[in-house]
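Architecture and fold: a report
Letter by letter, the chains look like this.
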Amino acid sequence: SPHHANGTSFTATVLGIVTLEAFAGMWINAFIVSVICMAWIQKKTLNSNEKILLLLGFSRFWFLCISCLYYLFSTFYPNHLYVHPLFPLISSIPTMFNEAHLWVSTCLCGFYCIKIANFSNSFFIYLKVKIDTIVPWLLLGSLLFSLVAGIIDYDATEKALHKNLNHTSQRIISKSSIRIDEHFSSLYFISGFGFVTSFMAVTFSALLLLFSLWRHKRNMQANSMKDLSMDAHIKAMKSILSFLLMYSLNFGVLISTLVSSFWKQNHVMFLIYVFLYAFPGVHSLILICTNPKLEKSMLSILSCVNCKVCMK
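Just so you know, these numbers come straight off a predicted model, no measurement behind them.

Counting its secondary structure elements, the protein contains 10 helices and 0 strands. In the protein, the succession of helices and strands from N to C terminus is α-α-α-α-α-α-α-α-α-α. Counting all 312 residues of the protein, 44% fall into the buried class. Restricting to contacts in the protein with at least 6 residues of sequence separation, those with at least 24 account for 76%. For the protein, the exposed surface amounts to about 17,000 Å²; the carbon and sulfur share of it is 72%.

Moving on: helix α4 (residues 87-116). With 30 residues, α4 extends 44 Å between its outermost C-alpha atoms, agreeing within 8% with the 44 Å of an ideal straight helix rising 1.5 Å per residue. Most of α4 sits inside the fold, with 25 of its 30 residues counted as buried.

Further remarks concern the UniProt feature "transmembrane region" (unreviewed entry) in the protein. The UniProt feature table records "transmembrane region" (unreviewed entry) at residues 12-41, 53-73, 102-127, 134-152, 187-211, 240-263 and 269-289. Spanning residues 53-73, this segment combines 100% helix with 0% strand, and its end C-alpha atoms are found 30 Å apart. Annotation note: span residues 102-127, helix share 81%, strand share 0%, distance between end C-alpha atoms 22 Å.

What follows covers the packing of aromatic side chains. Where two aromatic rings form a pair, the distance of their centres and the angle of their planes describe that pair. Throughout the structure, instances matching the rule amount to 6 aromatic pairs. Measuring from centroid to centroid gives 6.3 Å for F111 and Y112, while their planes differ by 50 degrees, and the two rings are tilted. Judged by relative accessible area, which is 7%, F111 ranks as buried. In this structure an aromatic cluster arises from ring pairing among F58, F61 and W62.

Averaged over all residues, the pLDDT of the protein is 76; the fraction at 70 or higher stands at 69%. Between the elements of the protein, mean pLDDT differs from a low of 41, seen in helix α6 (residues 170-176), to a high of 87, seen in helix α2 (residues 48-76). Counted against residues more than four places away or in other chains, residues 1-6, with its pLDDT under 50, gives 0 contacts. In this model residues 168-183 is a low-confidence stretch, pLDDT under 50, and it forms 35 contacts with partners more than four residues away in sequence or in other chains.

We now examine a nonpolar patch on the surface. A cluster of nonpolar residues, W137, L140, L144, L147 and I151, forms a patch on the protein surface that exposes about 530 Å² of accessible area. Mapping L144 onto the fold places it in helix α5 (residues 122-165).

Running from N to C, α2 and α4 cross one another at 150 degrees; their axes reach a closest spacing of 8 Å. Classed by the angle they form, the pair α2 and α4 counts as roughly antiparallel. Crossing geometry of α2 relative to α4 is assigned as left-handed. The class makeup of the residues in the contact of α2 with α4 is 20 nonpolar, 7 polar and 1 charged.

Next up on the list: the side chain of N98. Mapped onto the secondary structure, N98 falls in helix α4. Here H101 takes part through its side chain, which lies 3.1 Å from a polar atom of the side chain of N98.

Okay, the pattern of salt bridges next. Close approach of charged atoms lets side chains of opposite charge pair. Applying the stated criterion across every chain yields a total of 2 salt bridges. Salt-bridge contacts for E50 lead to K43; the nearest nitrogen and oxygen are separated by 3.1 Å. Taking the relative accessible area as the measure of exposure, K43 reaches 39% and is therefore partly exposed. A salt bridge links E50 to K293; the shortest N-O distance between them is 2.7 Å. Of the two residues, E50 is situated in helix α2 and K293 in helix α10 (residues 292-311); the sequence distance between them amounts to 243 residues. Residue K293 is classed as partly exposed on the basis of its relative accessible area of 38%. Linked by salt bridges that have partners in common, K43, E50 and K293 make up one network.

Rules and cut-offs
As a convention, each chain's residues are numbered from 1 in the sequence order in which they are written. In view of the model being predicted, local features appear only for residues whose pLDDT reaches at least 70, and side-chain atom pairs are presented and counted only at 80 or more, with totals across whole chains, interfaces and linings using the full set of residues. Note that water and hydrogens are dropped before the side-chain values are worked out from all heavy atoms of the structure. The helix and strand labels rest on DSSP assignments: H or I over at least four residues marks a helix, E over at least two residues marks a strand, and numbering proceeds from the N terminus. Exposure categories follow from relative accessible area, calculated using a 1.4 Å probe and restricted to protein chains: below 20% of the type maximum is buried, above 50% is exposed, and the middle band is partly exposed. In this description, contact between two residues means that some pair of their heavy atoms is separated by no more than 4.5 Å. Surface accessibility follows the Shrake-Rupley procedure with a 1.4 Å probe radius. Residue values consider only the protein chains on display as shielding. Expected span of a helix: the number of residues minus one, times 1.5 Å. UniProt positions are given in the numbering used here, feature names are shortened, and annotations may be inferred rather than shown by experiment. Two rings belonging to Phe, Tyr or Trp (six-membered ring only in the last case) form a pair when the distance between their centres is within 6.5 Å. Interplanar angles under 30 degrees mark stacking, angles over 60 mark edge-to-face geometry, and anything in between is tilted. What pLDDT reports is the predictor's confidence in each residue, on a scale of 0 through 100. Here a patch means residues that are over 30% exposed by relative accessible area and free of salt bridges, tied together within 9 Å if like-charged and within 5 Å if nonpolar (Val, Leu, Ile, Met, Phe, Trp, Tyr). Between Lys or Arg on one side and Asp or Glu on the other, a salt bridge is scored when a side-chain nitrogen of the former is within 4 Å of a carboxyl oxygen of the latter. Each axis is a line fitted through C-alpha atoms, taken for helices only over the stretch in contact, and angles between the N-to-C directions span 0 to 180 degrees. Throughout this description, any angle smaller than 35 degrees is read as roughly parallel, any larger than 145 degrees as roughly antiparallel, any in the 65 to 115 degree range as roughly perpendicular, and the remainder as oblique. Should the near helix be turned counterclockwise from the far one by less than a right angle, the crossing is left-handed, whereas a clockwise turn marks it as right-handed. Gly is put with the polar residues, along with every residue not named as nonpolar or charged; the nonpolar set is Ala, Val, Leu, Ile, Met, Phe, Trp, Tyr, Cys and Pro, and the charged set is Asp, Glu, Lys and Arg. Side-chain atoms alone can form a polar contact between residues adjacent in sequence; in general such a contact is a pair of N or O atoms within 3.5 Å, and within protein one must be able to donate a hydrogen while the other accepts it.

Dropping the structure here:
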């Protein structure tokens, strides 16, 4: 029918966009991981910023890789995917990596704020001095929270699938196993808590840095002085504001993911997938452009590619 043909065409279009976004994001984050790993081998150590970027690139790479495979299988081979041993596992792993990259990127925003902002508050000064010691614990906490979210997802999906195995055939399971019921309440609670908390942390970091920049600029104007740290403030502020804009959009999309699970509107879910797969790649690309070492490595690679193309 025409309606079915239009639906198939729309699905194919979105599938192509999602796959392209996923592959681009995987290459971008693989680049971040490879550059930092090479620096790690050379220096035998990593600073706090590099530790966060390494874990962020790693978690985003695997989130995009596994989520893309999940999306492809659920589109083309749903009856082979929604089986008891496979479905709970392949459903929980993307949830775990999604939570990981969300929390690690939140740690990065907080790290930028503490490192660059200037406040006379004793607690803030303490954080600035101890930030390099605190970062590994923050990353460990992010990983533990992500692991808990993955375990809850696995348990909820397994119970829902087991319930459907007792009442439906394999053919019907592929559609009913993802139905929202009481098993998913804990998963949605912890996911919603993670989304709200990370968004509030990023917003708070952006506001603190903005206030620090405004106060620093006012002091410089009052004293008729120029300070090199002003450039660092402005560059960091641009990065944080771009993060805040993307996190605002991402927060809205993540909440829509929870709500749309109740609606079961495929077109809404497809549009949500398009943004969710674009966010890890675009955000990581911004990180590359605002990091001198990563930007220099990227420009050197691009120049080599241009030279080879010109030679041909």
